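# Secondary and tertiary structure notes
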Amino acid sequence: AKTLDWAFINDPRVAIRAGAGGSTINISRAPALAYHVLQLNAKRLMFTDVKVRQAIACAIDRQEVLDTASLGEGEVTSPATPPYYRANLKDLFCYKKDEAKAKQLLADAKVTNLKFKIMAATGEPPTAVAEAQNIQAQLRKIGVETEIETLELGVYVDRWLKADFDAVVALNGGNPDPDVMFYRYWHSTGNLNSVANYSSPEIDKLLEQARAVADPEKRKPIYDDIQKKLTEAAPWVWLYVGYEYRVGQPYVKGFTPLPNGSLIYLREAWLDK
């Protein structure tokens, strides 16, 4: 209706609609550094055995989650989302769905009738509930039953910070520097390690080693190794990155989108009318 000049949008369905039907609206898609993830609470009884966590990871087709919840607007990602530091997905544990392996891992763990709750916030991100529902349907195929617990965002964040959940669908912030992304969650002294609820002396050592190196070419192999170890331990199931959308009328000029979601260059935008 042209009552708005410019908008920041985080719902792919809205961005697609804005550009449909011969629309003259300009839509920019900046690949995001923030990532969609299924967090498993490794300190909950049902997830203390690594084989159970691995089974969940092997049962999920990440591309299907992306296609269902975000209409394919994004790409499956490794734990590190900055393009330079992303590990090769082929090198990561069970990044290709393998239901037979998932069932075998549960059998090896002597686990039957596995049930747990998946916590999701209503509306933030807009795709959260759809992600949880698709994951629920995929896990049912290996005999795992889940209940989706939808919460208002403030309650969700409070529960998340207290790690008061079995599993949670989350959209976590990314950063161009993998140290910022990983250390806070995966080092035993990290400020959010109590949320991640998983650490190991080996990963601690690698994170400390990477933090002490400045050369990106020397850092990358270390972070590749960290990603391999994290996906094999499967405390989380990293899903995908979406896009940061900036939508504007054709007369809005000069805005440069950034993948970290920053709007700093809005100060350089102007209206050509």
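Our subject in this report is the structure included herewith.

Calculation notes
- Residues numbered from 1 in each chain as written.
- Predicted model: local features only at pLDDT ≥ 70, side-chain atom pairs only at ≥ 80, totals over all residues.
- Heavy atoms only, no water.
- Pairing = 2+ DSSP bridges.
- Helix = DSSP H or I, 4+ residues; strand = E, 2+ residues; numbered from the N terminus.
- Axes fitted to C-alpha atoms, helices over the stretch in contact; angles between N-to-C directions.
- Patch = residues over 30% accessible without salt bridge, like charges linked within 9 Å, V, L, I, M, F, W, Y side chains within 5 Å.
- Areas by Shrake-Rupley, 256 points an atom, 1.4 Å probe, with all protein chains shown as cover.
- Salt bridge = Lys/Arg side-chain N within 4 Å of Asp/Glu carboxyl O.
- Disulfide = S-S within 2.5 Å.
- Buried < 20%, exposed > 50% of the residue type's maximum accessible area, 1.4 Å probe, protein only.

## Thoughts on the sheet that holds strand E9 (residues 243–248)
- Read across the sheet, three strands follow the order E1-E9-E2 without closing on themselves; strand pairing throughout is antiparallel. Each edge of the open sheet is held by one strand with a lone partner, namely strand E1 (6–9) and strand E2 (26–31). Sheet twist, expressed as the average angle between the axes of neighbouring strands with direction ignored, equals 20°.
- Two elements, E1 and E9, share four bridges in a ladder whose sense is antiparallel.

## Structural notes on a nonpolar patch on the surface
- A contiguous nonpolar surface patch, about 230 Å² in accessible area, is contributed by Phe8, Leu263 and Leu266.
- With respect to the helices and strands, the residue leucine 263 is situated in the loop between strand E10 (252–253) and strand E11 (270–271).

## Remarks on the state of the cysteines
- Using the criterion set out here, one finds one disulfide in the structure.
- Covalently, cysteine 58 is tied to cysteine 94 through a disulfide, its sulfur atoms 2.0 Å apart. Its S-S torsion of about 110° marks the bond between cysteine 58 and cysteine 94 as right-handed, since a negative value means left-handed. Taken as a pair, cysteine 58 in helix H2 (residues 50–59) and cysteine 94 in the loop between strand E4 (75–76) and helix H4 (99–108) lie far apart in primary sequence, 36 residues in all. Cysteine 94 matches cysteine 58 in its accessibility class, with the two residues each being buried.

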